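Results of the structural survey
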Amino acid sequence: MSALRLRRAVVALLFVATVAFAVHHPRASKPLEAPSFNPFLCALDLLLPVASFGQEGAFNPAGRQQWFAAALIAAGWVLATTIATGITRTLSRRWQRRSGCR
């Protein structure tokens, strides 16, 4: 997957998820302690496996939204793995060029 296609996929997932969560807000886990709901941060929180913005743990999607949230988490892991693979491949190629190995 090229870098441009990867960026487009991330932007598309973020857009769709932000709209979906803006239309139907998930319920707060602890209503008195939950931060204010932000659809974009919620989508980003689900999509990025290594970052936390406090939205994923504070709100509990239910029904179809729960399945959608699970799909976003899975997509985030696939994207993170793709990015890590690309970085590893690029670094490996650079190392091979510098060391003269082929």
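A few points on the structure. Remember, predicted model here, so these are calculated numbers, not experimental data. (Residues numbered from 1 in each chain as written. Predicted model: local features only at pLDDT ≥ 70, side-chain atom pairs only at ≥ 80, totals over all residues. Heavy atoms only, no water.)

**Side note on a positive patch on the surface**
Definition in use: Nonpolar side chains (Val, Leu, Ile, Met, Phe, Trp, Tyr) within 5 Å and like charges within 9 Å form the patches, drawn only from residues with over 30% relative accessible area and no salt bridge. Only the protein chains shown count as cover for residues, with accessible areas throughout obtained via the Shrake-Rupley method and a probe of 1.4 Å. The working definition used for a salt bridge is a side-chain nitrogen of Lys or Arg within 4 Å of a carboxyl oxygen of Asp or Glu. We count Lys and Arg on the positive side and Asp and Glu on the negative side, and we leave His and both chain ends out. The atom standing in for a charge is NZ when the residue is Lys, CZ when it is Arg, CG when it is Asp and CD when it is Glu. Where helices and strands are cited, they refer to DSSP runs of H or I of at least four residues and of E of at least two residues respectively, numbered from the N terminus.
On the surface, a cluster of positive charge is made up of Arg 89, Arg 93, Arg 94, Arg 97 and Arg 98. Within the fold, Arg 89 resides in helix α3 (residues 64–99).

**Focus: helix α2 (residues 39–47)**
The criterion, for reference: Buried, partly exposed and exposed residues are distinguished by accessible area as a fraction of the type maximum, computed with a 1.4 Å probe on protein chains only: under 20%, between the cut-offs, and over 50%, respectively. It only takes one pair of heavy atoms within 4.5 Å for two residues to be counted as in contact. Pairs of N or O atoms are called polar contacts if they sit within 3.5 Å, as long as, within protein, a hydrogen donor faces a hydrogen acceptor (for residues adjacent in sequence, only side-chain-to-side-chain pairs).
Extensive coverage of α2 is indicated by the burial of 7 of its 9 residues. If you check which residues of α2 are buried, you get Pro 39, Cys 42, Ala 43, Leu 44, Asp 45, Leu 46 and Leu 47. Check the buried side of α2 and you find it contacts α1 (3–23) and α3. N-capping of α2 is provided by Asn 38, with a side-chain oxygen placed 3.0 Å from the backbone N of Phe 40.

**Here's the deal with the side chain of Thr 18**
The topology assignment puts Thr 18 in helix α1. A polar atom in the side chain of Thr 18 sits 2.6 Å from the backbone oxygen of Leu 14. Filtering out sequence-adjacent residues up to four positions away, Thr 18 remains in contact with Pro 39, Phe 40 and Ala 43.

**As for the side chain of Gln 55**
Mapped onto the fold, Gln 55 is located in the loop between α2 and β2 (59–60). Overall, Gln 55 belongs to the buried group, its relative accessible area being 3%. Among the polar contacts made by the side chain of Gln 55, one reaches the main-chain carbonyl oxygen of Ser 36 at a distance of 3.4 Å. Residue contacts for Gln 55: discarding those within four places in its chain leaves Pro 35, Ser 36, Phe 37, Asn 38, Leu 41, Cys 42 and Asp 45.

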